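# Fold and geometry: a report
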Amino acid sequence: MVVELGLTQDTRRALDTAAVAEAARAAGFTALGMVSGRFGSDARVVLDAAGLRCHELLGLQVREPAATVARAEQLAREAASLGASWVLTTFDVALGPDIVKAIARCAAVIAEVGAGFAVEFSPLGPVATIEEGLAVVAATGVERAGIVIDSWNFCFGPGTWRDLEQVPLDTIAYVQFADALAPLGVPNMEEAMTRRALPGDGVLELDRFAFTLRDRGWDGVVSLQVLSDRLRELPVDDYARRVYDSATPYWC
């Protein structure tokens, strides 16, 4: 079983693509997520030179149907330029019939350039659990979509460990992984964006999370998404190294 470690970029930190790529390469990562609109026309060349691939492009937010489809078309062009494997998708509105039709169109547009439609469930949105995420994958088309299992979203969400134990492995696009400090109140977006922690430095049951997937034989990309105000103060090379080193005991 081979797990590949990737790095999800922090959207609250403005960094040059070459600097992030070099930091990720030096730390040991082999994949780097990219943020829409925050890379130049030479980004694919920069990634190739660093020996990295783009496993995810951030990202599509599902809102009003026409605007969502238009945004997916833009992201598809960016994904093609990067050779991105997945376009990460989150949900801001309930999944009525018009929205389901729109996301099916989005997935088709993204599939045309060879990328997948990555469904991220979150307790902070209308698609809150693995079960609900899998329903979106099914409605969108299992041949062009997959679910993203984020440790923060799972551990703070309403789902159960049984959900993780039973998720079909071939429906997993990739995993996002981080720890979290004890929440100051009800987990919210600000907690998610500022108070994650290096694996092992927080309160999440990461040993059980990782073991549940590995024991079932899952392999794929684990993307480190450590969003922390404290860690944002570190130089990017130090940050990348600490993130990589903290994750390897769980996956390598």
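One structure accompanies this document, and this report is about it. Only a predicted model underlies this, so the values are computations on that prediction, with no experimental measurement involved. (Residues numbered from 1 in each chain as written. Predicted model: local features only at pLDDT ≥ 70, side-chain atom pairs only at ≥ 80, totals over all residues. Heavy atoms only, no water.)

Okay, the nonpolar core next. If you look at the biggest cluster of nonpolar residues, it comprises 77 residues, and the most contacted ones within it are Phe29, Phe209, Leu224 and Trp251. Counting residues per element, this core draws most heavily on helix 10 (residues 236-251), which supplies 8 residues. The next biggest cluster of nonpolar side chains, apart from the first, holds 9 residues, and it includes Val35, Leu88, Ala118 and Val221. (Core = buried A, V, L, I, M, F, W, Y, C linked by side-chain atoms within 4.5 Å. Buried < 20%, exposed > 50% of the residue type's maximum accessible area, 1.4 Å probe, protein only. Helix = DSSP H or I, 4+ residues; strand = E, 2+ residues; numbered from the N terminus.)

This part covers the packing of helix 1 (residues 17-27) against helix 10. Here helix 1 crosses helix 10 at 35°, and the two axes come no closer than 8 Å. In this structure, helix 1 meets helix 10 at a crossing whose hand is right-handed. Within the contact between the two elements, helix 1 uses Ala19, Ala23, Ala24 and Ala27 and helix 10 uses Val236, Asp237, Ala240, Arg241 and Tyr244. (Axes fitted to C-alpha atoms, helices over the stretch in contact; angles between N-to-C directions. Left-handed = near helix turned anticlockwise from the far one by under 90°. Contact = heavy atoms within 4.5 Å.)

Attention now goes to the sheet that holds strand 5 (residues 86-91). On the basis of which strands lie adjacent, the open sheet formed by 9 strands has the order 2-1-11-8-7-6-5-4-3 and parallel pairing. In this open sheet, the two strands that pair with only one neighbour each are strand 2 (31-32) and strand 3 (34-35). Lying on the sheet, helix 10 is in contact with strand 1 (4-7), strand 8 (172-177) and strand 11 (221-224); it crosses strand 1 at an angle near 150°. (Pairing = 2+ DSSP bridges.)

For Asp179, the location among the structural elements is in strand 9 (residues 179-180). As a buried residue without a salt bridge, Asp179 has its nearest oppositely charged side chain in Arg196, at a separation of 10.0 Å. Sequence-distant contacts of Asp179, that is, excluding residues within four places in its chain, are made with Arg196, Ala197, Leu198, Pro199, Gly200, Asp201, Gly202, Val203, Leu204 and Leu206. (Lys, Arg positive; Asp, Glu negative; His and termini not counted. Salt bridge = Lys/Arg side-chain N within 4 Å of Asp/Glu carboxyl O.)

This brings us to the pattern of salt bridges. Within this structure, the stated rule accounts for 11 salt bridges. Taking the shortest distance from any N to any O, the salt bridge between Glu4 and Arg53 comes out at 2.9 Å. Of the two residues, Glu4 sits in strand 1 while Arg53 sits in the loop between helix 2 (43-49) and strand 4 (57-62), which places them 49 residues apart along the sequence. A single network of salt bridges, built from pairs that share partners, joins Asp10, Asp229 and Arg232.

All of the buried residues along helix 9 (residues 206-215) are Leu206, Phe209, Ala210, Thr212 and Leu213. Within helix 9, the buried residues cover an arc of 155° as seen down the axis, which keeps them to one side. Exposed side chains of helix 9 directed beyond 90 degrees from the buried face belong to Asp207, Phe211 and Asp215. On its buried face, helix 9 sits against strand 7 (145-150), helix 6 (151-156), helix 7 (161-166), strand 8, strand 9 and helix 10. (Arc of directions from axis to C-beta.)

Position of Asp10 relative to the elements: it lies in the loop between strand 1 and helix 1. Among the residues examined, Asp10 registers a relative accessible area of 10% and is labelled buried. At a separation of 2.9 Å, a polar atom in the side chain of Asp10 contacts the main-chain amide nitrogen of Arg12. Of note is the side chain of Asp10, whose polar atom sits 2.6 Å from the side chain of Arg232. Ignoring sequence-local partners within four residues, the contact set of Asp10 consists of Arg38, Leu227 and Arg232. (Polar contact = N/O pair within 3.5 Å; in protein donor to acceptor, adjacent residues only side chain to side chain.)

This part is about the packing of aromatic side chains. Inspection of every chain in the model, using the stated rule, returns 8 aromatic pairs. Seen in terms of ring centroids, Phe29 and Tyr244 are 5.1 Å apart; in terms of plane orientation they differ by 85°. Their pairing is edge-to-face. Within this pair, whereas Phe29 is found in the loop between helix 1 and strand 2, its partner Tyr244 is found in helix 10, the two being separated by 215 residues in sequence. An angle of 65° between the planes, with centres 5.4 Å apart, marks the rings of Phe177 and Tyr250 as edge-to-face. You can see Phe177 sitting in strand 8 and its partner Tyr250 sitting in helix 10, a full 73 residues away along the chain. Of the aromatic side chains, those joined through ring pairs into one cluster are Phe154, Trp161, Phe177, Phe209, Trp218, Tyr250 and Trp251. Positioned above the aromatic ring of Tyr239, the side-chain terminus of Arg13 is 5.8 Å from the ring centre. (Phe/Tyr/Trp six-rings, centres within 6.5 Å; stacked < 30°, edge-to-face > 60°. Lys NZ or Arg CZ within 6 Å of the ring centre and 35° of its normal.)

Geometric values such as these leave the question of function open.
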